[in-house]
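The lines below spell out each chain.
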Amino acid sequence: MDLPKGLDWVRGSPAGRDWLAVLPRRLAECAEQWSLRLGPPFEQAYASLALPAELRDGTAAVLKLQYPDDDSRYEADALALWDGDGAIRLLAHDRERRALLVERCQPGTALHELPMDRALDAVTGLLPRLWRPAGGPFTRLAEEAAGWIDRIPRSWERVGRPYERRLLDTALDLLSGLASSQGEQVLVNQDLHAGNVLAADREPWLAIDPKPLTGEREFSVVPMVRCPELGHSPPAVRHRLDRLSAELGLDRERVHGWTVGQTLAWSIDGDVVFAHQIEVVRWLLGGD
């Protein structure tokens, strides 16, 4: 099977190769189950195989076969809860195959095609609609933060200490304090960056590809604050932090702390170090 280059990383582990081995069969089974006409995969896929699909009645859709990681486990549950209000609609779901059939955004232009402040206008209108009261089955932000606190030091050591010890210690302190002192718990998306909000014909902008948790509202803007597509510089990051916090009525210091903590936690994946994530943390902690 020809895969998008963004999925090349799955070949590097036994779990990834196992997933690749069953992918052609799952793809064929889903196409038959839902009577789909499929196009070639979207090239920008990184964490799943996604293909344009057409239903028997001509409805434009997307078939998504998820890589079986924990972050996307409850994506379908989040989409079902939102029911198309600010996010793409879930049309069908096969939990066993980790397969989702979802609404296709057309024209599908990404939010980062807009100038930064116009993109932030869209975000401030969209996010409050996604803050739904939620409990199970979603993972709690406090539980996710505990995992980061455990993994960050081990990852830092494993890849050769790629950033200063002060960043590590500050992030761990912030995560520990924030996780235990949260406000009202709502559904939050820990991957709502400007590439995961697309222009659609049904609404101006819709969220896609959620990685849902239940946690306080302040956490939900973290991906937009660090989002390199909207400008990767100290002034741009601080502007997004200030504007999103103020206009959404969020506690700026908590947004700041969550951004430092999660961004550092996501700065290492396996043996890969994402230098731009580390830069964001340095900027937010006063090192331009």
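Nothing here was measured: the structure is a model prediction, and the numbers come from that model.

A. Broad picture of the state of the cysteines. Scanning the entire structure with this criterion turns up 0 disulfides. With no disulfide of its own, C227 lies 17 Å from the sulfur of C105, the closest cysteine sulfur.

B. Here's a closer look at the environment of A99. On the secondary structure map, A99 appears in strand 5 (residues 99–103). When the C-alpha positions of A99 and L187 are compared, they lie 22 Å apart, and in sequence the two are 88 residues distant. When sequence neighbours within four positions are dropped, the list of residues in contact with A99 reads C30, W34, K64, L65, A92, H93 and D94.

C. A look at the packing of helix 3 (residues 116–130) against helix 7 (residues 234–247). Contact geometry of helix 3 with helix 7 gives a least axis separation of 11 Å together with a crossing angle of 30 degrees. By the angle class used here, helix 3 and helix 7 are roughly parallel. In terms of crossing hand, the pair formed by helix 3 and helix 7 is right-handed. Counted together, M116, D117, L120, D121, V123 and T124 of helix 3 and A236, H239, R240, R243, L244 and E247 of helix 7 form the full contact between these two elements. Here the contact of helix 3 with helix 7 is composed, by residue class, of 5 nonpolar, 2 polar and 5 charged.

D. Local environment of the packing of helix 4 (residues 141–158) against helix 8 (residues 252–265). Interaxial distance between helix 4 and helix 8 falls to 10 Å at its minimum, and their mutual angle equals 55 degrees. Classified by the angle their axes make, helix 4 and helix 8 are oblique. Two packed elements cross with a definite hand, and for helix 4 against helix 8 that hand is left-handed. Residues L141, A145, W148 and I152 of helix 4 lie in contact with helix 8, whose contacting residues are W258, G261, Q262, L264 and A265. Of the residues contributing to the contact of helix 4 with helix 8, the split by class is 7 nonpolar, 2 polar and no charged.

The rules behind the values
- Residues numbered from 1 in each chain as written.
- Predicted model: local features only at pLDDT ≥ 70, side-chain atom pairs only at ≥ 80, totals over all residues.
- Heavy atoms only, no water.
- Disulfide = S-S within 2.5 Å.
- Helix = DSSP H or I, 4+ residues; strand = E, 2+ residues; numbered from the N terminus.
- Contact = heavy atoms within 4.5 Å.
- Axes fitted to C-alpha atoms, helices over the stretch in contact; angles between N-to-C directions.
- Parallel < 35°, antiparallel > 145°, perpendicular 65-115°, else oblique.
- Left-handed = near helix turned anticlockwise from the far one by under 90°.
- Nonpolar A, V, L, I, M, F, W, Y, C, P; charged D, E, K, R; others polar.

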